[in-house]
Amino acid sequence: MNTLPAESETGPQLLRGGMVGVGMIFDETYRPFFENSRRDGLHDRRFGLCEIELAAVASRTGKRAAAYKQAAKNRIADFQSFSEPDGIGQLLGTDVDFVCVATPDDRHFKAAQAALAAGKHVLIEKPSVLSLQELDQLNQLALDKQVLAKVVYHKLFDPDHKKLRTLVADDILQHVNNGYCTLLEPKIISGSQFSEWITGRNPGTYVAVHYLKLIDFTFGGKLKSVACTGQRGIVGPHDGPTWDSTQLRVIYEYDSGREAAFDIHTSWVTPDNFPGYVEQEVQFRFDNGVWNGHSRRRGVECTIEEKTPIEAKININNHYNGSFLEPDGQRSQVGYGIEVLERFAREVASVEFGGPAEARDERLAAARDLAYNDLSSDRQVVAIVQAMEAILARHAAGQPNCVVHVNASQGGLVLYAPGSAEPEVLYEPTV
Ligand SMILES: NC(=O)c1ccc[n+]([C@@H]2O[C@H](COP(=O)([O-])OP(=O)(O)OC[C@H]3O[C@@H](n4cnc5c(N)ncnc54)[C@H](O)[C@@H]3O)[C@@H](O)[C@H]2O)c1
């Protein structure tokens, strides 16, 4: 359990952050978050001024961390950098208060487990973990150590998605019947950016989770079943375990007894010069309305000779993460991709510094109640990820078109294969 002293005993309050993984997402969101907070501090009525410092990082080789440190100069604290073997162990040997995990998704669990066991608050990139068994362990550790365990779903802070949720919560859009979401990543992601860890992986786990959480969080309901198929042959062999694209279907049931089905299509082999870059489209159909969202229709299209669409994007999402010259002459990098990290830091600061030590448990419980990012609220999303991974593994092993039922008579997650009378229980307890 963390026992950080209150401001009155120590002067300015300080939270030291640790970073596991210093890749693309670090550069896009964590780096500006840590730089912004170093420059401005974090102010909040609940805890006053809290300084946030990047104190230590762990990565495979340490090369990007070294290059960043040199380039950033005093925009960032003089952080320690650890690499394999046991970079995470060394990072946890320092006095960090919270740890952000941004490694490839099949390595989230070990890093998060070690950090929680060491009594650190933890923030994990999506998808949090790949199975409910892992999720249960992390939740238990967070409870035992009395720290926060959270996951980053920045799309929930996209103003468009906040508006969707508002219309649903206010019963203006009534009962979702069905919908689809697509997210298409360019080939460069599978071909070079992620080439080190892509074998055996699929774009569904990596990006469909954004929409799974949006659906789960916005519409609520109980998950009933998961089906999935996909295509191979570009990133890896046509009969191997590495997937180019996936099509996932999830079915939910609501308190009314009515159901809804959602199809989520993802790919990481879209041509690099496709103007959408990360093409995103959603449609949700309600009893009394239709919601349509399209990344290429919501805002700006900007062409610059010799820059777009490869070096610069034609469709710029200025809400997610933009570098701006502000009207007052300051340079900034802001957006919901960074805001979501700052909110986690505020939650940690309010637990540790937001009132008397005797009331820490209450503040911890309040922070845990935030369903948008607490690991304990990630059960149905992780269940879908686990089911999808199992269905694709069976498919790669020559048994396509399996379906997973949720909270069936045999268990919480049960996989049925066509032609087989014997189901496989992926997860025994209720989801
Ligand atoms: N929120 C989003 O929209 C978004 C976007 C991109 C990536 N992500 C997520 O962020 C995570 C990382 O993705 P990325 O694009 O930054 O990947 P990346 O391949 O660019 O970087 C991965 C980093 O993890 C480090 N690493 C790998 N194995 C490690 C280990 N065992 N111990 C310590 N460090 C290790 C690597 O050295 C590298 O620094 C993934 O979970 C991904 O799903 C989220």
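Cut-offs applied
- Residues numbered from 1 in each chain as written.
- Predicted model: local features only at pLDDT ≥ 70, side-chain atom pairs only at ≥ 80, totals over all residues.
- Helix = DSSP H or I, 4+ residues; strand = E, 2+ residues; numbered from the N terminus.
- Rg over C-alpha atoms; globule rule 2.2 N^0.38 Å.
- Contact = placed C-beta atoms within 7 Å.
- Axes fitted to C-alpha atoms, helices over the stretch in contact; angles between N-to-C directions.
- Parallel < 35°, antiparallel > 145°, perpendicular 65-115°, else oblique.
- Left-handed = near helix turned anticlockwise from the far one by under 90°.
- Nonpolar A, V, L, I, M, F, W, Y, C, P; charged D, E, K, R; others polar.
- Near = placed C-beta within 6 Å.
- Domains from an automatic or database assignment.
- Buried ≥ 20, exposed ≤ 12 C-beta atoms within 10 Å, placed from the backbone.
- Pairing = 2+ DSSP bridges.

Undergrad: Even after reading the chapter, I still don't get the overall build of the protein chain, so can you show me in this structure?
TA: Assigned secondary structure in the protein chain consists of 12 helices and 20 strands. At 22 Å, the protein chain has a C-alpha radius of gyration in line with the 22 Å of a compact globule built from 431 residues. For the C-alpha atoms alone, the extent of the protein chain along its principal axes is close to 65 × 55 × 50 Å. A sequence separation of at least 24 residues applies to 67% of the contacts in the protein chain between residues at least 6 apart.

Undergrad: What exactly am I supposed to notice about the packing of helix α5 (residues 108–117) against helix α6 (residues 132–145) here?
TA: For any two helices packed against each other, the geometry comes down to the angle between their axes and how far apart the axes lie. Two elements in contact, α5 and α6, have axes whose closest approach is 9 Å; the angle formed by their N-to-C orientations is 15°. Relative to α6, the element α5 lies roughly parallel. Seen from above, α5 lies across α6 with left-handed handedness. Here α5 contributes Phe-109, Ala-112, Gln-113, Leu-116 and Ala-117 to the contact with α6, which in turn contributes Glu-134, Gln-137, Leu-138, Leu-141, Ala-142 and Lys-145. Among the residues forming the contact of α5 with α6, the class breakdown is 7 nonpolar, 2 polar and 2 charged.

Undergrad: Which parts of the structure should I look at to understand the site of the ligand?
TA: In the vicinity of the ligand, 24 residues are found, and the nearest of them are Gly-21, Gly-23, Met-24, Arg-60 and Glu-125. Elements with a minimum of two residues in the shell around the ligand: α2 (24–40), β3 (48–59) and α4 (87–92). At 3 residues, the largest contribution of residues to the shell around the ligand is made by α2. Residues of the shell around the ligand, tallied by class, amount to 12 nonpolar, 6 polar and 6 charged.

Undergrad: Whenever I open this one, the domain arrangement of the protein chain confuses me. Can you help?
TA: Quite often, the size of an interface is put as the accessible area lost when its parts meet. Assigned domains within the protein chain: domain 1 (7–155 + 329–369) and domain 2 (159–318). At the interface, 8 residues of domain 1 touch 9 residues of domain 2. Tallied by class, the residues present in the side of domain 1 that touches domain 2 amount to 5 nonpolar, no polar and 3 charged.

Undergrad: Just to check I follow, could you spell out the pairing of strand β11 (residues 259–270) for this structure?
TA: Strand residues, when the strand is regular, have side chains that alternate between the two faces of the sheet. The element β11 is largely enclosed, with a buried count of 9 among its 12 residues. Bridge count between strand β8 (residues 176–186) and β11: 8 bridges; the pairing is parallel. What sits directly across from Leu-184, in β11, is Ser-267. For strand β10 (residues 245–253) and β11, the ladder comprises 9 bridges, and the chain directions are antiparallel. Among the inter-strand pairings, Ser-245 is bridged to a residue of β11, identified as Ser-267.

Undergrad: I would appreciate a short explanation of unusual backbone geometry in the present structure.
TA: For residues other than glycine, phi is negative in most cases, and the peptide bonds are mostly trans. Residue Pro-85 follows Glu-84 across a cis peptide bond; omega there is 5°. Looking at where Pro-85 falls in the secondary structure, it is placed in the loop between β4 (80–83) and α4. The omega torsion across Thr-308 and Pro-309 is 5°, close enough to zero to call that bond cis. You will see that Lys-73, though not glycine, has its phi angle at about 50°, which is positive. Of note, Lys-73 is situated in the loop between α3 (63–72) and β4. One non-glycine residue, Asp-171, lies in positive phi territory at about 60°. The residue Asp-171 is located in the loop between α7 (159–169) and β8 in this model.

Undergrad: Sorry if this is basic, but what is going on with the pairing of strand β1 (residues 13–20) here?
TA: Most of β1 sits out of view: 7 of its 8 residues are buried. Both β1 and β3 contribute to a ladder of 8 bridges, which runs parallel. Across the sheet, the residue bridging to Leu-15 is Ile-52, located in β3. Pairing between β1 and strand β5 (residues 98–101): 4 bridges, direction parallel. Bridged to Val-20 within β5 is Val-101.

Undergrad: Before we go on, may I ask you to explain the sheet that holds β8 in this structure?
TA: Strands pair in a sheet through their backbones, by hydrogen bonds, and they do so in one of two ways: parallel or antiparallel. Strand order in the open sheet formed by 9 strands is β13-β12-β8-β11-β10-β9-β18-β19-β20, with mixed pairing between adjacent strands. Looking at strand neighbours, the two that pair on one side only are β13 (290–294) and β20 (424–427), the edges of this open sheet. Adjacent strand axes in the sheet meet at a mean angle of 15° when their direction is disregarded. Lying over the sheet, helix α9 (residues 203–219) contacts β8, β9 (222–231), β10, β11 and β12 (279–286), oriented at roughly 150° with respect to β11.

Undergrad: Could you clarify how one ought to interpret the packing of α2 against helix α10 (residues 336–353) in this entry?
TA: Their axes nearest at 9 Å, the elements α2 and α10 cross at an angle of 55°. In this view, α2 runs oblique relative to α10, as classed from their interaxial angle. Where α2 crosses over α10, the two elements pack in a sense that is right-handed. Residue-level contacts link Glu-28, Thr-29, Tyr-30, Pro-32, Phe-33, Asn-36 and Ser-37 of α2 to Gly-337, Ile-338, Leu-341, Glu-342 and Ala-345 of α10. Of the residues belonging to the contact of α2 with α10, the class tally is 6 nonpolar, 4 polar and 2 charged.

Undergrad: Can you walk me through α5 in this structure?
TA: In an α-helix, one turn spans 3.6 residues, which is why side chains three or four residues apart end up on the same side. Counting buried positions along α5 yields 7 of 10 residues, so the element is predominantly enclosed. Each element contacted by the buried residues of α5 is listed here: β1, α4, β5, β6 (121–125), α6 and β7 (149–152). Where α5 ends, the next residue or the one after it, Gly-119, has phi of about 80°, a positive value.

Undergrad: Got a minute to help me understand the environment of His-210 in this structure?
TA: Tracing the backbone shows His-210 in helix α9. Those residues in contact with His-210 that lie beyond four places of it in its chain are Lys-126, Tyr-153, Lys-155 and Leu-183.

Undergrad: Looking at this model, I keep getting lost on the environment of Gln-90. Mind explaining?
TA: As for its position among the elements, Gln-90 is in helix α4. Taking C-alpha positions, Gln-90 is 37 Å from Thr-430, a pair spaced 340 residues apart along the chain. Other than its neighbours up to four places away in sequence, Gln-90 contacts Ala-58 and Phe-82.

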